[in-house]
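Analysis of the macromolecular model
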Amino acid sequence: MTRAFALLLAALTMLAGAGQAQAQLFIFEDSRDIMGGGPGFFRPGMPSGSSPIPRTTVSFAGNYAPGTILISTAERRLYLVLGNGQAIRYGIGVGRDGFRWGGTHRISAKKEWPSWTPPAQMLRRRPDLPRHMAGGIDNPLGARAMYLGSTLYRIHGSNEPETIGQAVSSGCFRMTNEDVTDLYSRVRIGTPVIVRN
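No experiment lies behind these values; they were computed from the predicted model shown.

1. Some thoughts on the side chain of Arg-126
One can find Arg-126 in the loop between α2 (120-125) and β7 (144-148). Within the structure, Arg-126 has its side chain in polar contact with the side chain of Asp-128 (distance 2.7 Å).

As structure tokens, this is what we get:
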């Protein structure tokens, strides 16, 4: 009898905990479109996973200096030019309709596990968003961020590998945490970034 009661109590405790977790998840599910997200956007401890578009070295024809980043929003790919007719190709998530853009900038800052403060424009669209989030696994900027000029846009990580290759963000370029960490290690402040639609 005591054992049955203990099992029942343990089951109720687990259900209550699951209910609380479900409630927390519900609170954040609606916040997924912070940077444009899918169902696992804020799930604590969620691993970065691997990209559905594997990173690979490819032949690359173009008149760009080695170290240049070329982003093709139409292809949903980012190329890091290596020289000698080659580039590393990464899968990326791009801006959804109404948020895509093009132009040339330089990497103006690099941050590991960056904190995030939603810009005023985003807060006007989404007043329910947090005003600031510390860096970490739950942060929508992921493991690394490279800031583009004086714009609000970044190349950053994501905890949602399933969104790579999709138009999901508010104009930033998202990569898996694994891929963004690799790119971060290969580029420096001042690296040119060319964005083409």
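Having seen the model, we can carry on.
2. Remarks on the confidence of the model for the chain
Per-residue pLDDT for the chain has a mean of 80; in total, 75% of the residues score no lower than 70. Scored below 50 in pLDDT, residues 1-48 makes 70 contacts in the model with residues more than four places away or belonging to other chains.

3. Some remarks on the packing of aromatic side chains
Evaluation of the coordinates by the stated rule reveals four aromatic pairs. With 6.1 Å between their ring centres and 45 degrees between their planes, Phe-60 and Tyr-64 make a pair best called tilted. We classify Phe-60 as buried; its relative accessible area is 13%. Considering the side-chain rings of Phe-60 and Tyr-79, the 5.4 Å spacing of their centres and the 40 degrees angle between planes classify their relative orientation as tilted. Taken as a pair, Phe-60 in the loop between β1 (56-59) and β2 (69-72) and Tyr-79 in strand β3 (residues 77-83) lie far apart in primary sequence, 19 residues in all. This pair shows no difference in class: Phe-60 is buried, exactly as Tyr-79 is.

4. Some remarks on the environment of Ile-137
Within the secondary structure layout, Ile-137 lies in the loop between α2 and β7. Take Ile-137: its relative accessible area is 31%, and that puts it in the partly exposed class. Distance in space between the C-alpha atoms of Ile-137 and Asn-177 is 9.7 Å, their sequence separation being 40 residues.

5. Notes on the pairing of strand β6 (residues 103-112)
Note that β6 and strand β11 (residues 192-196) share four bridges and pair antiparallel. Residue pairing in the sheet places Thr-104 in a bridge with Ile-194 of β11. The pairing of β6 with β7 spans five bridges and is classified as antiparallel. In the strand pairing of β7, Ile-107 is matched with Leu-148.

6. Considerations on the sheet that holds strand β8 (residues 154-156)
Pairing in this open sheet of nine strands is mixed, and the strands run β1-β4-β3-β2-β11-β6-β7-β8-β10 from one edge to the other. A single partner strand is all that each edge strand has here, and the edge strands are β1 and β10 (173-174). Direction of pairing for β7 relative to β8: antiparallel, over a ladder of three bridges. Residue pairing for β8: Met-146 is matched across the bridge by Ile-155. Contacting β2, β3, β4 (86-91), β6, β7 and β8, helix α3 (residues 177-186) crosses the sheet at an angle of about 55 degrees to β7.

7. Considerations on the pattern of salt bridges
For the structure shown, the criterion picks out seven salt bridges. As a salt-bridge pair, Arg-55 and Asp-182 come within 3.8 Å of each other at their nearest N and O atoms. Highlighted residues: Arg-55 in the loop between α1 (2-29) and β1 and Asp-182 in helix α3, separated in sequence by 127 residues. Relative accessible area serves as the criterion here: at 34%, Arg-55 is assigned to the partly exposed category. When the shortest N-O distance is used, the salt bridge between Asp-128 and Arg-126 registers 2.7 Å. Exposure remark for Asp-128: the relative accessible area of 44% places this residue in the partly exposed category. Because the salt bridges share partners, they merge into one network encompassing Arg-55, Asp-179, Asp-182 and Arg-186.

Rules and cut-offs
Residues numbered from 1 in each chain as written. Predicted model: local features only at pLDDT ≥ 70, side-chain atom pairs only at ≥ 80, totals over all residues. Heavy atoms only, no water. Helix = DSSP H or I, 4+ residues; strand = E, 2+ residues; numbered from the N terminus. Polar contact = N/O pair within 3.5 Å; in protein donor to acceptor, adjacent residues only side chain to side chain. pLDDT = per-residue confidence, 0-100. Contact = heavy atoms within 4.5 Å. Phe/Tyr/Trp six-rings, centres within 6.5 Å; stacked < 30°, edge-to-face > 60°. Buried < 20%, exposed > 50% of the residue type's maximum accessible area, 1.4 Å probe, protein only. Pairing = 2+ DSSP bridges. Axes fitted to C-alpha atoms, helices over the stretch in contact; angles between N-to-C directions. Salt bridge = Lys/Arg side-chain N within 4 Å of Asp/Glu carboxyl O.

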